[in-house]
Amino acid sequence: QIYKDHVVISGRIENKKGEPIAKANIIIDDLGIDYLKEIESDDNGRYAVEILKSDSEKYSHILVMKRGYKKFDRNFSDMSALKSFSRNIILTKNE
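Since we're looking at a predicted model, the values are computed, not measured. (Residues numbered from 1 in each chain as written. Predicted model: local features only at pLDDT ≥ 70, side-chain atom pairs only at ≥ 80, totals over all residues. Heavy atoms only, no water.)

Student: How should I be thinking about the confidence of the model for the protein in this particular structure?
Tutor: Caution is warranted with low-pLDDT regions, since their predicted coordinates should not be read in detail. Of all residues in the protein, 77% have pLDDT values of 70 or greater, and the mean over the chain is 83. The least confident element of the protein, judged by mean pLDDT, is helix H1 (residues 79-85) at 68; the most confident is strand E7 (residues 89-90) at 92. (pLDDT = per-residue confidence, 0-100. Helix = DSSP H or I, 4+ residues; strand = E, 2+ residues; numbered from the N terminus.)

Student: Explanation requested: the environment of Ile 89 in the structure shown.
Tutor: Secondary-structure assignment places Ile 89 in strand E7. The class of Ile 89 is buried, set by a relative accessible area of 1%. Spatially, the C-alpha atom of Ile 89 lies 9.9 Å from that of Ile 21, the residues being 68 residues apart in sequence. Once you skip the residues sitting within four places of it in the chain, Ile 89 turns out to touch Arg 12, Ile 13, Glu 14, Tyr 47, Ile 62, Val 64 and Phe 72. (Buried < 20%, exposed > 50% of the residue type's maximum accessible area, 1.4 Å probe, protein only. Contact = heavy atoms within 4.5 Å.)

Student: How do you make sense of the nonpolar core when you look at a structure like this?
Tutor: One recurring pattern in soluble globular proteins is that nonpolar side chains are buried together. By size, the foremost hydrophobic cluster in this structure holds 18 residues, and its most contacted members are Ile 13, Ile 26, Ile 28, Ile 62, Val 64, Ile 89 and Leu 91. Of all the secondary-structure elements, those providing two or more residues to this core are strand E1 (6-14), strand E2 (25-29), strand E4 (46-52) and strand E5 (61-65). Once residues within four sequence positions are removed from consideration, Ile 13 is found in contact with Glu 19, Pro 20, Ile 21, Ala 24, Ile 26, Ser 41, Gly 45, Tyr 47, Val 64, Ile 89 and Leu 91. (Core = buried A, V, L, I, M, F, W, Y, C linked by side-chain atoms within 4.5 Å.)

Student: When you look at the sheet that holds E2 in this model, what are you seeing that I'm missing?
Tutor: In a beta sheet, neighbouring strands pair by backbone hydrogen bonds and run either parallel or antiparallel. Here we have 4 strands laid out as an open sheet, ordered E3-E2-E5-E6, and antiparallel in their pairing. Two strands bound the open sheet, and with one partner strand each, they are strand E3 (36-40) and strand E6 (72-75). Between one strand axis and the next, the sheet turns through 10° on average, direction left out of account. Summarising the sheet, E5 and E6 pair through 4 bridges and their orientation is antiparallel. Counterpart to Leu 63 in the pairing with E6 is Asp 73. (Pairing = 2+ DSSP bridges. Axes fitted to C-alpha atoms, helices over the stretch in contact; angles between N-to-C directions.)

Student: Just checking my understanding: could you explain the pattern of salt bridges for this structure?
Tutor: Pairing between side chains of opposite charge can happen when their charged atoms approach one another. Counting across every chain of the model gives 1 salt bridge. Between Arg 12 and Glu 14 there is a salt bridge, with the nearest N and O atoms lying 2.8 Å from each other. Among the residues examined, Arg 12 registers a relative accessible area of 16% and is labelled buried. Judged by its relative accessible area of 11%, Glu 14 falls in the buried class. (Salt bridge = Lys/Arg side-chain N within 4 Å of Asp/Glu carboxyl O.)

Student: Hey, could you run me through the sheet that holds E7 in this one?
Tutor: Spatially, the 3 strands line up as an open sheet ordered E4-E1-E7, and their pairing is mixed. One side of each edge strand has no neighbouring strand; the edge strands of this open sheet are E4 and E7. Direction of pairing for E1 relative to E7: parallel, over a ladder of 2 bridges. Looking across to E7, one finds that Glu 14 is bridged to Ile 90.

This is the structure in structure tokens:
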């Protein structure tokens, strides 16, 4: 969602069965250390990250991690691509 002064990237972390994954770590950054947002999914697997619009073009990478699951790691060409991706993320269990 895009507002006047900020952008919200949101969705849900879930397993293959569609069940929520609570307390997954979600990191949105610029593949460096200058711009970083880190949060955890809630008990229903939901997450929302608010980014100031003035900083929004600096973020282009999302990483989701939870112990016992394979990490989700994706780069985007720019923030517009990341915003359009904002959706449910499915994690698969480690074997």
